[in-house]
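Observations on the model geometry
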Amino acid sequence: MSGEALFPTYARYPLALVKGEGSWLWDDQGNKYLDFMSGLAVTNLGHAPQAIKDALIAQLDQVWHVSNLFRIPVQEEAAELLVQHTGADAVFFCNSGAEANEGAIKLARRYFQKVKGEHRYEIITFTQSFHGRTLATLTATGQDKVKEGFLPLPEGFVTVPMHDLDAVRAAITDRTAAVMLELVQAEGGVLPAKPEFVHDLAKLCRDAGILLILDEVQTGMGRTGKLFAQEHYGIQPDIFTAAKGLGSGFPVGAVLAKEFLREAFSPGSHATTFGGTPIASAVVKATVQEIAGNRVYDRAAGAASYLTGQLREKLAGNPWVKQIRGLGLLIGIECAGPVADVIATMRERGLLVVPAGPNVVRLLPNLLVSHAEIDQAVGIIAAVLKEKTVTAPQ
Ligand SMILES: *Cc1c(COP(=O)(O)O)cnc(C)c1O
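Residues numbered from 1 in each chain as written. Predicted model: local features only at pLDDT ≥ 70, side-chain atom pairs only at ≥ 80, totals over all residues. Heavy atoms only, no water.

So, on to the UniProt feature "modified residue: N6-(pyridoxal phosphate)lysine" (unreviewed entry) in the protein chain. The UniProt record marks K244 with the feature "modified residue: N6-(pyridoxal phosphate)lysine" (unreviewed entry), using the residue numbering of this structure. When sequence neighbours within four positions are dropped, the list of residues in contact with K244 reads L40, A41, V42, E187, V217 and Q218. (UniProt positions renumbered as here; feature names shortened; annotations may be inferred. Contact = heavy atoms within 4.5 Å.)

What follows is the structure, encoded as structure tokens:
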């Protein structure tokens, strides 16, 4: 076995993880790893969380899949829970983050073209953003590397510099349908949006009569210490998306929107075979019950302040560390050079973390991570980054 039957789309680490429990993963050689990447912000409740496992097994005994041509009660319950705990009024379930963002873009276009009777279609996005790998969402993404070799790109997307309100204002025309952004640009380097920019942008969208779409695929489901990051900013978007943490490891996505957008997705206008099937919905329902109902995001906020405090203390004075930033348990350590080798060393010492761009070490522990696990991770991070200062040019 070598993976030769697969496309080489991933530069994979030479490690096969075969078992997971809580904050821990084991490889096929029996080595144990402390997981501070959570499958890229997916396993927010840790590996194999009991409540989700119970809900999944119970659903497996009932029915796995029925078409969305039928009512699916557990899907209705999952949607109602999301509506209860957010500012959204209507939910569409799909299977991934890219598909959720694609759905959000389609909803914005459809609202103007079918409900308002205006030929608006353009979506304004920002440099350094990441919105997915479908043709529309990679076009929306403000990073050229994801577009290479995939021309021609679909029409209807404009990218402007992040935090430049005048550039947004200048980009708005009678073709503009929406502005789409991440409140923390995660893949782009763990870059939180400035609150005053977000407030001004929300007002600009309102005044211009265009929609505000938030991509909360990575920042949602408790990751930042609130159920969704928009709560930190005190704004309510017209549309937002969720995916990664929404299914605790089961592949799901969701488009969530305000009441006035409901009729834009009339019967037959948008669909997906696997969106919100009984199994997927049982997992989403249990995950929302845990994270929102049991306020697990409060645990995340507590863990985040302990983790950032420990990082600031233990990395203080390290000249190779430029900045520690983030929101909740989405944390970036910006370094003075490429971090691929320090991340490999951390892995060899039993800690799994992931880069966000070339120079940023990204930490994404699960929301229930313990202080003892944080101490262990910070110990490895501080030691590896200290050794780096001995060898690295500054
Ligand atoms: C991961 C991610 C996506 C893409 O999600 P997929 O499930 O990989 O399609 C989109 N937006 C953001 C902010 C993400 O972090």
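The next thing to look at is the nonpolar core. Counting residues in hydrophobic clusters, the biggest one holds 98 residues, and the most contacted among them are L311, I333 and L385. Residues lining this core come from more than one domain, with at least three contributed by each of domain 1 (17-48 + 296-391) and domain 2 (50-293). If sequence neighbours within four positions are ignored, L311 has contacts with A316, I324, I331, I333, L363, V378 and I381. F92, A140, I213 and A257 belong to the second-largest nonpolar core, a separate cluster that totals 24 residues. (Core = buried A, V, L, I, M, F, W, Y, C linked by side-chain atoms within 4.5 Å. Buried < 20%, exposed > 50% of the residue type's maximum accessible area, 1.4 Å probe, protein only. Domains from an automatic or database assignment.)

As a further point, take the pattern of salt bridges. Applying the stated criterion across every chain, the model contains 14 salt bridges. A salt bridge links K314 to E313; the nearest nitrogen and oxygen atoms lie 3.7 Å apart. Assessed through its relative accessible area of 52%, E313 is described here as exposed. Of the charged contacts in the structure, one is a salt bridge between K388 and D341, with a shortest N-O distance of 2.8 Å. Here D341 lies in helix α11 (residues 340-348) and K388 lies in helix α12 (residues 371-391), a separation of 47 residues in the sequence. Residue K388 is classed as buried on the basis of its relative accessible area of 15%. (Salt bridge = Lys/Arg side-chain N within 4 Å of Asp/Glu carboxyl O. Helix = DSSP H or I, 4+ residues; strand = E, 2+ residues; numbered from the N terminus.)

A few words now on the environment of Q113. Relative to the helices and strands, Q113 resides in helix α4 (residues 97-116). Look at Q113 and you get partly exposed, because its relative accessible area is 36%. Q113 sits 64 residues away from A177 along the chain, and the two C-alpha atoms are 9.6 Å apart. Apart from the residues lying within four places of it in its own chain, the contact partners of Q113 are E118, H119, R120 and Y121. From its side chain, Q113 meets the backbone oxygen of R120 in a polar contact 3.1 Å long. (Polar contact = N/O pair within 3.5 Å; in protein donor to acceptor, adjacent residues only side chain to side chain.)

What follows covers the sheet that holds strand β7 (residues 176-181). Reading across from one edge, β4-β12-β11-β10-β7-β5-β6 is the order of the 7 strands in this open sheet, with mixed pairing throughout. Edge positions in the open sheet fall to β4 (90-94) and β6 (157-160), since each of these has one partner strand only. Neighbouring strand axes in the sheet, compared pairwise and without regard to direction, differ in orientation by 20° on average. By the bridge criterion, 3 bridges tie strand β10 (residues 211-215) to strand β11 (residues 239-242) in an arrangement that is parallel. Residue pairing for β11: D215 is matched across the bridge by T241. Running at roughly 125° to β4, helix α3 (residues 73-85) makes contact with β4 and β12 (253-257) of the sheet. α4 rests against β4, β5 (122-126), β6, β7, β10, β11 and β12 of the sheet, and its axis sits at about 160° to β11. (Pairing = 2+ DSSP bridges. Axes fitted to C-alpha atoms, helices over the stretch in contact; angles between N-to-C directions.)

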